[in-house]
Protein chains: 2
Amino acid sequence: MYRTHTCGELRINNAGENVTLAGWVQRIRKMGGMSFIDLRDRYGITQLVIDDGASHELNEVAEKLGREYVIQAKGLVAERSSKNSKISTGDIEIKIEAIKVLNSSQTPPFTIEDDTDGGEELRAKYRYIDLRRNPLKKALEIRHKLGQEVRKYLDNIGFMEIETPVLIKSTPEGARDFVVPSRMNLGEFYALPQSPQTFKQLLMVAGYDRYFQIVRCFRDEDLRADRQPEFTQIDCEMSFVEREDVLNTFEGLIKALFVNVLGHEIKEQFPRMSYAHAMKYYGSDKPDIRFGMKICELKSTPSNGINFSGHSEDQVVDLVGGQNFVVFDSAEYVAGICVEGAASYTRKQIDQLTEWVKRPQIGAKGLVYIRVEEQKIKSSVDKFYPAGHLEKIATEMEAKPGDLILILAGDKRKTQEALGTLRIEMGNRLGLRKNDNFAPLWVYDFPLLEWDSETQRFYAMHHPFTAPKPEDMEKFYSNNRDHIAQVAANAYDFVLNGTEIGGGSIRIHDATIQKRMFEVLGFSDQEAESKFGFIINAFKFGAPPHGGIAFGFDRFCALFGGQETIRDYIAFPKNNAGRDVMLDAPSPIDDSQMEELFLKSTLKK
Amino acid sequence: MYRTHTCGELRINNAGENVTLAGWVQRIRKMGGMSFIDLRDRYGITQLVIDDGASHELNEVAEKLGREYVIQAKGLVAERSSKNSKISTGDIEIKIEAIKVLNSSQTPPFTIEDDTDGGEELRAKYRYIDLRRNPLKKALEIRHKLGQEVRKYLDNIGFMEIETPVLIKSTPEGARDFVVPSRMNLGEFYALPQSPQTFKQLLMVAGYDRYFQIVRCFRDEDLRADRQPEFTQIDCEMSFVEREDVLNTFEGLIKALFVNVLGHEIKEQFPRMSYAHAMKYYGSDKPDIRFGMKICELKSTPSNGINFSGHSEDQVVDLVGGQNFVVFDSAEYVAGICVEGAASYTRKQIDQLTEWVKRPQIGAKGLVYIRVEEQKIKSSVDKFYPAGHLEKIATEMEAKPGDLILILAGDKRKTQEALGTLRIEMGNRLGLRKNDNFAPLWVYDFPLLEWDSETQRFYAMHHPFTAPKPEDMEKFYSNNRDHIAQVAANAYDFVLNGTEIGGGSIRIHDATIQKRMFEVLGFSDQEAESKFGFIINAFKFGAPPHGGIAFGFDRFCALFGGQETIRDYIAFPKNNAGRDVMLDAPSPIDDSQMEELFLKSTLKK
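Keep in mind that this is a model prediction, so the values were computed, not measured. (Residues numbered from 1 in each chain as written. Chains lettered and ligands numbered in written order. Predicted model: local features only at pLDDT ≥ 70, side-chain atom pairs only at ≥ 80, totals over all residues. Heavy atoms only, no water.)

1. Overview of the overall build of chain A
Note the cut-off: Runs of E in the DSSP output that reach at least two residues are strands. Runs of H or I that reach at least four are helices, and both are numbered from the N terminus. Remark: exposure states derive from per-residue accessible area (1.4 Å probe, protein chains only) relative to the maximum for the residue type, with buried under 20%, exposed over 50%, and partly exposed in between. Contacts were defined at the residue level, with two residues in contact if any of their heavy atoms lie within 4.5 Å. The protein chains shown are the only cover counted for residues, whose accessible areas, like all others here, come from Shrake-Rupley with a 1.4 Å probe. Charge convention: Lys and Arg are scored as positive, Asp and Glu as negative, and His as well as the terminal groups of each chain are ignored. Note on charges: their place is set at NZ of Lys, CZ of Arg, CG of Asp or CD of Glu.
The helix and strand tally for chain A stands at 17 helices and 24 strands. C-alpha extents for chain A along the principal axes are approximately 95 × 75 × 55 Å. Every one of the 605 residues in chain A was classed for burial, and the buried ones make up 58%. Sequence-distant contacts, at least 24 apart, represent 67% of the contacts inside chain A between residues at least 6 apart. Summed over its atoms, the accessible surface of chain A is roughly 25400 Å², and 47% of this surface lies on carbon and sulfur atoms. For chain A, the distance from the average site of its 78 positive side-chain charges to the average site of its 89 negative ones is 3 Å.

2. A short note on the pattern of salt bridges
Condition: Any carboxyl oxygen of Asp or Glu within 4 Å of a side-chain nitrogen of Lys or Arg constitutes a salt bridge here.
In this structure the tally under the stated criterion is 100 salt bridges over all chains. A salt bridge links A:Glu163 to B:Arg216; the shortest N-O distance between them is 3.5 Å. With one member in each of two chains, A:Glu163 in the loop between strand E6 (160-161) and strand E7 (179-181) and B:Arg216 in strand E9 (residues 210-218) form a pair that bridges those chains. Taken as a pair, A:Glu163 and B:Arg216 share a single burial class, namely buried. Among the ionic pairs, B:Lys152 bridges to B:Glu149, the shortest N-O distance being 3.7 Å. Of the two residues, B:Lys152 and B:Glu149 are both situated in helix H4 (residues 134-156); the distance of 3 residues between them amounts to about one turn of the helix. Among the ionic contacts, a cluster of salt bridges with common partners joins A:Arg243, A:Glu244, A:Glu251, A:Lys255, A:Arg272, A:Asp445, A:Lys469 and A:Glu471.

3. Structural notes on the interface of chain B and chain A
Note the following rule: The term buried area refers to how much accessible surface (probe radius 1.4 Å) is lost by two components on association, counted for both of them together. Three residue categories are used. Nonpolar comprises Ala, Val, Leu, Ile, Met, Phe, Trp, Tyr, Cys and Pro, charged comprises Asp, Glu, Lys and Arg, and polar comprises the others, including Gly. A strand pair is defined by DSSP finding two or more bridges across the two strands.
The partner chain A presents 124 residues to the 124 residues of chain B that form the contact. Summing the contributions of chain B and of chain A, the shared interface buries around 11300 Å²; its carbon and sulfur component is 58%. The tally of links between chain B and chain A comes to 16 salt bridges. Of the charged contacts in the structure, one is a salt bridge between A:Glu161 and B:Arg151, with a shortest N-O distance of 3.5 Å. At 10 residues, H4(B) tops the list of elements feeding residues into the side of chain B that touches chain A. Of the residues that constitute the side of chain B that touches chain A, the class distribution is 65 nonpolar, 27 polar and 32 charged. The pairing of strand E24 (residues 599-601) of chain A with strand E24 (residues 599-601) of chain B spans 3 bridges and is antiparallel. The residue bridging A:Lys600 from the neighbouring strand is B:Lys600, located in E24(B).

4. What to know about the relation of the copies chain B and chain A
Short version of the rule: Here the copies are matched by least squares. The fit uses the C-alpha atoms of residues with pLDDT of at least 70 in both.
When chain B is fitted to chain A, the residual RMSD is 0.1 Å, and the transformation amounts to a turn of 180° plus an axial shift of 0.0 Å. Taken together, the rotation and translation describe the operation of a two-fold axis. Interface residue correspondence from chain B to chain A reaches 100%, placing this contact among same-surface, isologous pairings.

5. Brief notes about the sheet that holds strand E22 (residues 499-506) of chain A
All names here are of chain A. On the basis of which strands lie adjacent, the open sheet formed by 8 strands has the order E6-E9-E10-E23-E22-E21-E18-E11 and mixed pairing. Two strands in the sheet have a free side with no partner beyond their single neighbour: E6 and strand E11 (272-274). In this sheet, strand E9 (residues 210-218) lies alongside E6 in parallel orientation, the contact comprising 2 bridges. Looking across to E9, one finds that Glu161 is bridged to Phe212.

6. Brief notes about the side chain of A:Arg183
Applicable threshold: As used in this structure description, the phrase polar contact means that two N or O atoms lie within 3.5 Å; if the pair is within protein, one of them must be able to donate a hydrogen and the other to accept it, and residues adjacent in sequence are counted only when both atoms belong to side chains.
In this fold, A:Arg183 is placed in the loop between E7 and strand E8 (189-191). The class of A:Arg183 is buried, set by a relative accessible area of 12%. Engagement of the side chain of A:Arg183 in a polar contact is seen with the side chain of B:Asp220, the distance being 3.0 Å. In this structure A:Arg183 touches A:Glu596, A:Leu597, B:Arg176, B:Asp220, B:Glu221 and B:Asp222, once residues within four positions along its chain are discounted.

7. Some words on the packing of aromatic side chains
To keep things clear, this is the line we draw: Side-chain rings of Phe, Tyr and Trp (the six-membered ring for Trp) are treated as a pair once their centres are within 6.5 Å; stacked means planes under 30 degrees apart, edge-to-face means over 60, and tilted covers the remaining angles. We count a charge as sitting over a ring when the NZ of a lysine or the CZ of an arginine lies within 6 Å of the ring centre and within 35 degrees of the ring normal.
Summed over the entire model, instances satisfying the criterion amount to 58 aromatic pairs over all chains. Their ring planes at 25° and their centres at 6.2 Å tell us that A:Phe523 and A:Phe532 sit as a pair that is stacked. Residue A:Phe523 shares its accessibility class with A:Phe532, and that shared class is buried. With 5.3 Å between their ring centres and 25° between their planes, B:Phe556 and B:Phe560 make a pair best called stacked. One end of the pair is B:Phe556 and the other is B:Phe560, both in helix H16 (residues 553-560) and 4 residues apart, which spans about a single turn. Here the two residues B:Phe556 and B:Phe560 agree in accessibility, since each one is buried. Here the aromatic residues A:Phe159, A:Phe250, A:Phe258, A:Phe270, A:Phe438, A:Trp442, A:Phe494, A:Phe551, A:Phe556 and A:Phe560 are joined through ring pairs into a cluster of three or more. The aromatic ring of A:Tyr281 is capped on one face by A:Lys294, whose charged end is 5.8 Å from the ring centroid. The residue whose ring lies beneath B:Arg457 is B:Tyr459, and the NZ or CZ to ring-centre distance is 3.6 Å.

8. Concerning the environment of A:Gly16
Residue and element names in this part refer to chain A. Take Gly16: it is sitting in the segment before strand E1 (18-31). For the pair formed by Gly16 and Val77, sequence separation is 61 residues and the distance between their alpha carbons is 5.3 Å. Discounting residues that sit within four places of it in the chain, Gly16 has contacts with Leu76 and Val77.

9. Regarding the domain arrangement of chain A
Residue and element names in this part refer to chain A. Keep this limit in mind: Domain limits in this description derive from either an automatic procedure or a database domain assignment.
Assigned domains within chain A: domain 1 (12-103), domain 2 (136-270 + 440-592) and domain 3 (291-429). Averaged C-alpha coordinates put domain 2 and domain 3 at centres separated by 36 Å. Taken together, the contact between domain 2 and domain 3 spans 11 residues of the former and 7 residues of the latter. At the boundary of domain 2 with domain 3, the tally comes to 0 salt bridges. At the junction of domain 2 with domain 3, the criterion picks out 0 residue pairs in polar contact (both at pLDDT 80 or more). If you tally residues by element for the side of domain 2 that touches domain 3, the top one is helix H13 (residues 481-485), at 3 residues.

10. Here's the deal with the packing of helix H9 (residues 347-358) of chain A against helix H11 (residues 412-429) of chain A
All names here are of chain A. How we decide: Here the axes come from fitting lines to C-alpha atoms, over the contacting stretch only for helices, and the angles between their N-to-C directions go from 0 to 180 degrees. Each angle gets one of four labels, with under 35 degrees taken as roughly parallel, over 145 as roughly antiparallel, 65 to 115 as roughly perpendicular, and the rest as oblique. Whether a crossing is left-handed or right-handed is set by the direction in which the near helix is turned from the far one by less than a right angle, anticlockwise for left-handed and clockwise for right-handed.
Direction vectors running N to C along H9 and H11 enclose 140°, while the axes themselves pass 11 Å from each other. Taken together, the axes of H9 and H11 lie oblique to each other. Considering only the axes of H9 and H11, their crossing is right-handed. Only Thr421, Leu422, Glu425, Met426 and Arg429 of H11 make contact with H9, whose side of the interface consists of Leu353, Trp356 and Val357. Residue composition of the contact of H9 with H11, by class: 5 nonpolar, 1 polar and 2 charged.

11. Describing unusual backbone geometry
For residues besides glycine, phi is generally negative; the peptide bonds are generally trans as well. In this model, A:Ala585 is joined to A:Pro586 through a cis peptide bond whose omega is 0°. Tracing the sequence through the fold places A:Pro586 in the loop between helix H16 (553-560) and helix H17 (591-596). You will see that B:Glu68, though not glycine, has its phi angle at about 70°, which is positive. Here B:Glu68 shows up in the loop between helix H1 (56-64) and strand E4 (70-79). Since its relative accessible area comes to 1%, B:Glu68 is described here as buried. For B:Met293, which is not glycine, the phi torsion reads 50° and is therefore positive. What makes B:Met293 buried here is its relative accessible area of 12%.

12. Quick word on the nonpolar core
Soluble globular proteins: nonpolar side chains tend toward being buried together. How we decide: Nonpolar cores were defined as sets of buried Ala, Val, Leu, Ile, Met, Phe, Trp, Tyr and Cys residues, with membership established by side-chain atoms within 4.5 Å.
Membership of the largest hydrophobic core comes to 103 residues, with the highest contact counts inside it found for A:Phe250, A:Phe560 and B:Tyr128. If one sorts the elements of this core by residue count, helix H6 (residues 243-262) of chain A sits on top with 8 residues. Counting 93 residues, the second largest nonpolar core, distinct from the first, contains A:Ala571, B:Val150, B:Ile501 and B:Phe556.

13. Things to note about the sheet that holds strand E3 (residues 44-50) of chain B
Residues and elements named next belong to chain B. Ordered by their spatial adjacency, 5 strands build a closed barrel running E1-E2-E3-E5-E4, and the pairing between neighbours is mixed. For this sheet the average axis-to-axis angle between neighbouring strands, irrespective of direction, equals 55°. Strand direction decides the pairing type here: strand E1 (residues 18-31) and strand E2 (residues 34-41), joined by 7 bridges, are antiparallel. Counted as the bridge partner of Lys30 is Ser35 from E2. H1 rests against E1, E3 and strand E5 (92-103) of the sheet, and its axis sits at about 70° to E5.

Listed below in structure tokens is the structure:
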């Protein structure tokens, strides 16, 4: 027994007890003949005091202590004269009788404080030291808590956690697989799963009814910022369900997580929104609905042709035509957002915003503004539009004096997305996106297919097992490509604060629909068989109606922790080059390992 | 909503309710004009009845049903006239009003019954059908339950579940790693972890105090029967602990699992036994203590030299010398077991046993028996030993009339192990190894090192971070190789019914002891640095005293389920060649995938 209590445990009612603590030396202060040591462990910090009357021996040990030394300290719990209300043990201190050094420490390469002086690279290399800091400890605590609560909730409602294999088979479509050469089956490779999709569907075929797993997945992608080659998913599937059953089940889970992990009760049903509505009003399939600032169409016509639109949201509108402003007249689409209270933006600030939307990531051609003031309206296009016209636009956009209207024009889809990005930027600037304000949302009725003009074929937006919406069946069987393009998938995403953290669908379980799907994707029977034969075969033996969802657990944790970056929520993450800087992995392997696998590198040395 | 209830839910008090069920057709029987359908889902079986007065339409649908069709059935819950007490819904049946076929099924390749007619290979290929059978469903249910209970228990006592990476760095020592070529870091490889050993120790350095994880591990070994290339571990580590703290903590976990999963309360402390004692009395480091039949030494001398023995268990004994029986006289070691009530074994049976122990797997030279009967003693060596001498041996072995003594002779360690195997075999034959009888056991004080006469060096039995026992420190620092060989490790195994399902140790946290360890293993400072530099470095920044344990979760589940084979406890296992027969993995990959990785096979095609 190295300790009787942890460093976060002792309170005023322990005063008078003899205790033994163990932990790390956070800091040492001397005041007169007395020494104060803050002793830290996972549970907290306790103040140790060495009196000016302490033995020579004790003083000698204390003299040698440095930051991050690991010590065992025995002493008497005493009430503090000056209490520290910032820490849970702040009412007491330990009058030390003996200290034993359990381990010394070199001076750590950066300070172990909430705001450390260490750079990212250095902290990654010494991850085991960085993990001692409070923000990272709290991140891993919230991750642990979320994992346990997810399991408790799903277990309670009859879900079984079933582990699926990590060494599987490489599939020809989709993102790139990591592969693993097999020594026992030379010349052959396993692949690491991008998700357990086929396995969970097989488990439904096997009758498991309600499955979940918190599971590692792998994707060999060129990493964008804040992506990891290995990531964790909360993976779920249910049988004998329709969309509403799935949404209600997981809305229940998410509400329970909010209450049990954050103490945050959400009573109302989560808002639900179609993909078409989200694109029209938020310029995004994952709207942040913590704030309004909806997109207002000033010129638009119903989409047609091969692009999915969700017709019900399409309207003919033209509030900007006939004034000989060629930018708007020649544009397919003109729309804007009304930024509340931003009329005070200077010309310089607006110029900067214009440059910002013209960057290639956003790709707008320019930015038109209308500044709505108490008495007048000022706009970059007021030489084309009389004040009355601009006023009409302002009214249409529900602008009040003091607001700033920002307008983009161009191709419909691209401009919607640009406005969506601009809206988020303005939300940030106006402080409308607070991390402790949570706005959950379901988005559904995504397009089923995506037309690729290069290969002149449809691709499945999700995967070829996603079911079309029942009401779109007629279009699905149509011979008209443009009609097929309008078929909505019975798919849904869970969006939190503008981030998609879950997605799923009802799957096809009917062989006829599946056959049609392959036909639409342009596969011959042989192709379908060679690409998906394995699961098609399983579906011949009594597949039940089923559907499911998967949540990105890393991002889920980060959002619950009030952060947007996932790296702090993973104990040992990789950097943007897919490297573990601490381990120095990946790394070359021995020639003998290569030989055993009968592999040779074709790289020039 | 496809159903109002599951097939395991309805009881007599539901009689009169209109319900909708969905599931698989288990079987159909016709009696007179009536049809009976057993409808199955994960939760149970419910009997559906189609009355002789049913509509033409309903009869027509029912006519087409086959085994494993997926249907939705609406009807009225009614009390059965002849109840079935074997199933939970056996008091009721559903008077069917309508049936909808949700999916048809081809005739499954084997019957979906507890005892199926499908062979192993066929069932592996159609795993998703095999998983519908009760024994496999129960296996996965017990696995799910165990996983949840492990987490609940450990969470309750302050353990944090922390996920460690799967894409790590290949380590030069130990078993063979699976490797993963990196596309973003060409020419370099990740390795899949054989265990999270280094990560959990780093988490202790990082101050996480109590860590666990239910985690996938990988080992590219030539597979023995019932081994899997990927397997799951309950991996745990604690800081500021000594051996007793670890054993007591996990004894608490295991007892809770017995109660919560099997309803089996174990009040007493688990027996604890030294490795030396286990070898001496059970001929095994994982004794099955559900039965006695201990090994009794008839001739032995204390071990010496380079082999670890645990001196305290060594005794000088010779009960068989001086009778000119050259087999015993020339043997280093003679010992036997007394098989209760087996005196009735015929000469033929004993001959068969003799052949059995002479097989290369056991490798005994022969088998001596002493049959103890009411009035006489009969032995294969009675021409060397007078009856009085044999009687003395029988008394020493506490044999009663009716017992059979079986004796082996030869090298000490090899003969102990052979007797251990024989003991298990006789335990099986006598029905002393019942699956629902549980005998947990801690074994400790394993040897720290193993001498390899070929390379003339010591190897670590566990890994180089396992601590020597504090009381063996003097030997550990000795210059005498034979003394060093006698150092016990502060390591322990958890054994259940003769199977090792957990193992761990207290780790070295003191730099001086670690340095000595590397010295003993014959590493230069540079070698130690190049092989283990990464963790040695971490240990310079305040490593706390720590230790841990890891349990083989697959085997844990199998033993709790009363089985010895793990394959049924894994949803999608691999066969002995490391293949997933259902997926047909591993498999060749596209040339383009090889090219992207700059890899070439050196296999001749």
